[in-house]
Amino acid sequence: MLDRAVIDALFPADLPEPAHWEQRYPVRQLPQHAEVTRFGPSPTGFVHIGGLYVAMIDRDVAHRSGGSYVLRVEDTDQAREVAGAAAQFDNAFNYFGLPADEHDESGDYGPYHQSRREQIYLTYARELLREGKAYLCFATPEELADIRARQDATKMPPGYYAGWALWRDRDPAEVRAKLDEGAPYVVRFRSPGVEARARFRDEIRGELEHEDNRNDVVILKSSANEVRLPTYHFAHAVDDHLMRTTLVIRGEEWISSVPLHLQLFAALGFPAPRYAHIAPLMKQIPGGKRKLSKRKDSEASVDFYIEQGFPAEAVLYYLRGLANGRLAEVPLAEALDSPIRLTECGVAGPLVDLVKLEDISADHIATLSGQQILDAVRTWAADHDPELVPVLDARRDLALAALAVERGADVPNPRKDLRKWSGFREAYGFFFPELFTPQDVTGEQFTQLGVAPDLVRAFAADFAEAYQPLEDSGEWFNQIRELATKHGFAAKPKDLKQNPEAYPAGGSIREASQIIRLALTGATRSPDLHAVATALGTDEVLRRVRAVAG
Ligand code: GLU
């Protein structure tokens, strides 16, 4: 074994001993059964919806139990770090109302960025070296590639272990010679390498059995780097111990690493936390399903939901239902208020179905007041559709009147025409003079109506001439009915069918109404016309109808 003096000389002279960190981060005084959970995003890309899903579960479990939810930024892979990723995290967690109890410098167990915890990792790497539970490895990339190639060729399991581990049992004199040369090295964990199966408990999956770890994994990256950063595995053991995490909730892809992690906890003399591995979110594809992919699926990014303007509550409700099927069966408010139970999280990855999410979102939006919707649309538009903002601001009353059409506490079946905030323009844009494009009488929509352009013009002119903004819906419609008869439209579609020659307009009240609908809304389908006209106000109704009259 390498002399302690040689080991210590590799580290800063004033590096604290483990006892220092133990004291600095004492065992938490929390009620029994309180869980300390953490979410550990890496700023190497956008936040994945699966990450939000895990964060939501982490936070819920911690809060329900009277514990604490920690956000730990796992930024040890600085080469792959993406600029702006940190801001995107903040944005995502804010949007979804999932702030952490401990993050950045706020909390007693920080720093919460791994890149700022170098001293801590060094203390424990030195300790493992001193105890012979870790060693210096000078293997070059070429040597490692050669090991890999020979393992492949002989069908041996890949890795740096047993006889393949070039530096595991080297003569200390050789190690010292390398150090004297100034050769760069990594620190590797000396795996106890048991030839058995590892057994452990997962809070979701129950008792599991896995191949035990035999690899001497790297725990501290190359000494050639300016900052000596740990690998994920080592940081996990050190951080989750010192942050006093009780329950590690993370993606299923880490299950196979648990045997290694348990070896690390044991070597460091730390009690291991409990684990819960969450099944990944899936996507339906022809003939099956696959994991939502960062690369292939835009809906894998949390930004997608924010940009599209899905209300946060609707997304959270949907995700809770994916986590615990029970929560999809109860109303939104109840689901957001009910605990997520790890024991009810499935082992198979749930499907993310955007159509389902849109339905949930439309149902939710239908329960909101016009004021709430307008506020939400405006907030969304400020970031994603800035040109909409001045229109909404200038036309608040019109916007509220438009949103009040077939909506409100007294309406038994409120409109479900808004599925997300980005749909506002399409569903409500026509109300606003700034956003409305009048239809041309000779354009496609009028042509499809099958009424001669001159007749359309004459009908519109007559309508504008005598228009009265009547309050009673039936009386209001009578204005169209009377004009329809006058212009040779049948009073009922049936009449037209039975006696087409009697109606020179070639249409019935249906087509006559569509003339006014197209004039007012620019579309063949719209909310109740009388309600639309009332929201628009007489001046605007006349302006639009006159535009058609030409
Ligand atoms: N940084 C890890 C990841 O991005 C976190 C895994 C964990 O929660 O331990 O997957």
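Residues numbered from 1 in each chain as written. Predicted model: local features only at pLDDT ≥ 70, side-chain atom pairs only at ≥ 80, totals over all residues. Heavy atoms only, no water.

Student: So what exactly am I meant to see when it comes to the overall build of the protein here?
Tutor: Within the protein, the secondary structure is distributed over 25 helices and 11 strands. Radius of gyration (C-alpha) of the protein: 33 Å, far over the 24 Å computed for a compact globule of 550 residues. Surface summary for the protein: the accessible area is close to 25700 Å², and the carbon and sulfur share equals 51%. Computed over 64 positive and 82 negative side-chain charges, the inter-centroid distance for the protein is 4 Å. (Helix = DSSP H or I, 4+ residues; strand = E, 2+ residues; numbered from the N terminus. Rg over C-alpha atoms; globule rule 2.2 N^0.38 Å. Areas by Shrake-Rupley, 256 points an atom, 1.4 Å probe, with all protein chains shown as cover. Lys, Arg positive; Asp, Glu negative; His and termini not counted. Charge placed at Lys NZ, Arg CZ, Asp CG, Glu CD.)

Student: Mind showing me how you'd approach helix α23 (residues 509–521) here?
Tutor: Note on helix geometry: an α-helix contains 3.6 residues per turn, so any two residues three or four positions apart are oriented the same way. Helix length check: α23 (13 residues) gives 18 Å between terminal C-alpha atoms against 18 Å at 1.5 Å per residue, within 8%. The element α23 is largely enclosed, with a buried count of 12 among its 13 residues. Ile509, Glu511, Ala512, Ser513, Gln514, Ile515, Ile516, Arg517, Leu518, Ala519, Leu520 and Thr521 are the residues of α23 that are buried. One or two steps after α23, the chain reaches Gly522, where phi turns positive at roughly 75 degrees. (Expected span 1.5 Å × (residues − 1). Buried < 20%, exposed > 50% of the residue type's maximum accessible area, 1.4 Å probe, protein only.)

Student: Looking at this structure, I do not really get the packing of aromatic side chains. What am I missing?
Tutor: Per the counting criterion, the structure on display carries 20 aromatic pairs. The interplanar angle of 85 degrees and the centroid separation of 5.8 Å between the aromatic rings of Phe39 and Phe93 together place this pair among those described as edge-to-face. Of the two residues, Phe39 sits in strand β1 (residues 36–39) while Phe93 sits in helix α4 (residues 85–95), which places them 54 residues apart along the sequence. Among the residues examined, Phe93 registers a relative accessible area of 5% and is labelled buried. Taken together, Phe424, Tyr428, Phe430, Phe431 and Phe432 form an aromatic cluster joined through their ring pairs. The ring of Tyr25 has Arg117 lying over it, and the distance from NZ or CZ to the ring centre is 5.8 Å. (Phe/Tyr/Trp six-rings, centres within 6.5 Å; stacked < 30°, edge-to-face > 60°. Lys NZ or Arg CZ within 6 Å of the ring centre and 35° of its normal.)

Student: How should I be thinking about the UniProt feature "domain: Aminoacyl-tRNA synthetase class I anticodon-binding" (unreviewed entry) in the protein in this particular structure?
Tutor: In the numbering used here, UniProt assigns the feature "domain: Aminoacyl-tRNA synthetase class I anticodon-binding" (unreviewed entry) to residues 511–548. In residues 511–548, the share of helix is 79% and the share of strand is 0%. The end C-alpha atoms are 15 Å apart. (UniProt positions renumbered as here; feature names shortened; annotations may be inferred.)

Student: Sorry if this is basic, but what is going on with the site of the ligand here?
Tutor: The environment of the ligand is formed by Arg38, Gly40, Ser42, Glu74, Tyr232, Arg250 and Trp254. Between the ligand and Gly40, the relevant distance is 2.7 Å, taken from a nitrogen atom to a main-chain nitrogen or oxygen of the residue. One of the side-chain nitrogen or oxygen atoms of Ser42 is found 3.1 Å away from a nitrogen atom of the ligand. Look at the ligand: alone it shows 300 Å² of surface, and the protein chains cover 79% of it. Residues belonging to the shell around the ligand are distributed by class as follows: 2 nonpolar, 2 polar and 3 charged. (Near = heavy atom within 4 Å. Polar contact = N/O pair within 3.5 Å; in protein donor to acceptor, adjacent residues only side chain to side chain. Nonpolar A, V, L, I, M, F, W, Y, C, P; charged D, E, K, R; others polar.)

Student: Would you mind showing me how to read the sheet that holds strand β7 (residues 218–220) here?
Tutor: In any sheet, the strands associate via hydrogen bonds between backbone groups, in a parallel or an antiparallel arrangement. Judged by pairing direction, the sheet is antiparallel, and its 3 strands sit side by side in the order β3-β4-β7 without closing on themselves. If you trace the sheet from one side to the other, it starts and ends with β3 (134–137) and β7, each paired once. The mean angle between the axes of side-by-side strands here comes to 45 degrees, regardless of whether they run parallel or antiparallel. Where β3 meets strand β4 (residues 186–189), 4 bridges bridge the pair, whose relative direction is antiparallel. For Tyr135, the partnering residue across the bridge sits in β4 and is Arg188. The strands touched by helix α5 (residues 118–130) are β3, β4 and β7; relative to β3, the strand with the most contacts, the crossing angle is about 100 degrees. (Pairing = 2+ DSSP bridges. Axes fitted to C-alpha atoms, helices over the stretch in contact; angles between N-to-C directions. Contact = heavy atoms within 4.5 Å.)

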